[in-house]
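The primary structure of each chain is shown beneath.
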Amino acid sequence: FPLINVSKVYRIVKSEDKWYTPGSALLGSVSNSEQIVVVEFMRRKLAFVLRDLAVSQRFLICMELLIRRAQQKESGKAMRSLTPTFPPQIQGKQCPTPRLVHQA
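Cut-offs used in this document
Residues numbered from 1 in each chain as written. Predicted model: local features only at pLDDT ≥ 70, side-chain atom pairs only at ≥ 80, totals over all residues. Heavy atoms only, no water. Helix = DSSP H or I, 4+ residues; strand = E, 2+ residues; numbered from the N terminus. Buried < 20%, exposed > 50% of the residue type's maximum accessible area, 1.4 Å probe, protein only. Areas by Shrake-Rupley, 256 points an atom, 1.4 Å probe, with all protein chains shown as cover. pLDDT = per-residue confidence, 0-100. Pairing = 2+ DSSP bridges.

With that settled, the discussion passes to the overall build of the chain. Each helix and strand counted, the chain has two helices and four strands in total. Listed by position from the N terminus, the elements making up the chain come as β-β-β-β-α-α. Scored against the burial criterion, the 104 residues of the chain give a buried share of 20%. Entry remark: accessible area of the chain is about 8600 Å², with carbon and sulfur atoms responsible for 58%.

Structure, rendered in structure tokens:
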């Protein structure tokens, strides 16, 4: 499950066999609730079940940061494989500097 392929990450709450979105008013007891962090890929979902609200929030933030970092590193690789910023010099020709461009 490569982190660059993650399409969505979210948290849901299960309490007394009912599902809730975070922040909604829980009708059941909070102590019996399960905090679930779902990591969605194109064709799969991974669910991490946690008991503590604070732990699930930290876990979600850490997952989001790891995913963002992996995606940034991957996009950096793709950008480096494009044409170089400074094309190779032709023999005897100067690289245009801002001053040379302005004077032209």
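Put simply, the chain has an average pLDDT of 80, and 68% of its residues get 70 or more. Mean pLDDT across the elements of the chain ranges from a minimum in helix H2 (residues 98-103), with 66, to a maximum in strand S4 (residues 45-50), with 96.

Looking now at the pairing of strand S3 (residues 34-40). Along S3, six of the seven residues are buried, which leaves the element largely enclosed by surrounding structure. In the sheet, strand S1 (residues 8-15) pairs with S3 via seven bridges, with the strands oriented antiparallel. If you follow Val13 over to S3, its bridge partner there is Gln35. With six bridges joining them, S3 and S4 adopt antiparallel strand pairing. Among the inter-strand pairings, Val39 is bridged to a residue of S4, identified as Leu46. Taking the residues between adjacent antiparallel strands as the criterion, S3 and S4 are bridged by four residues.

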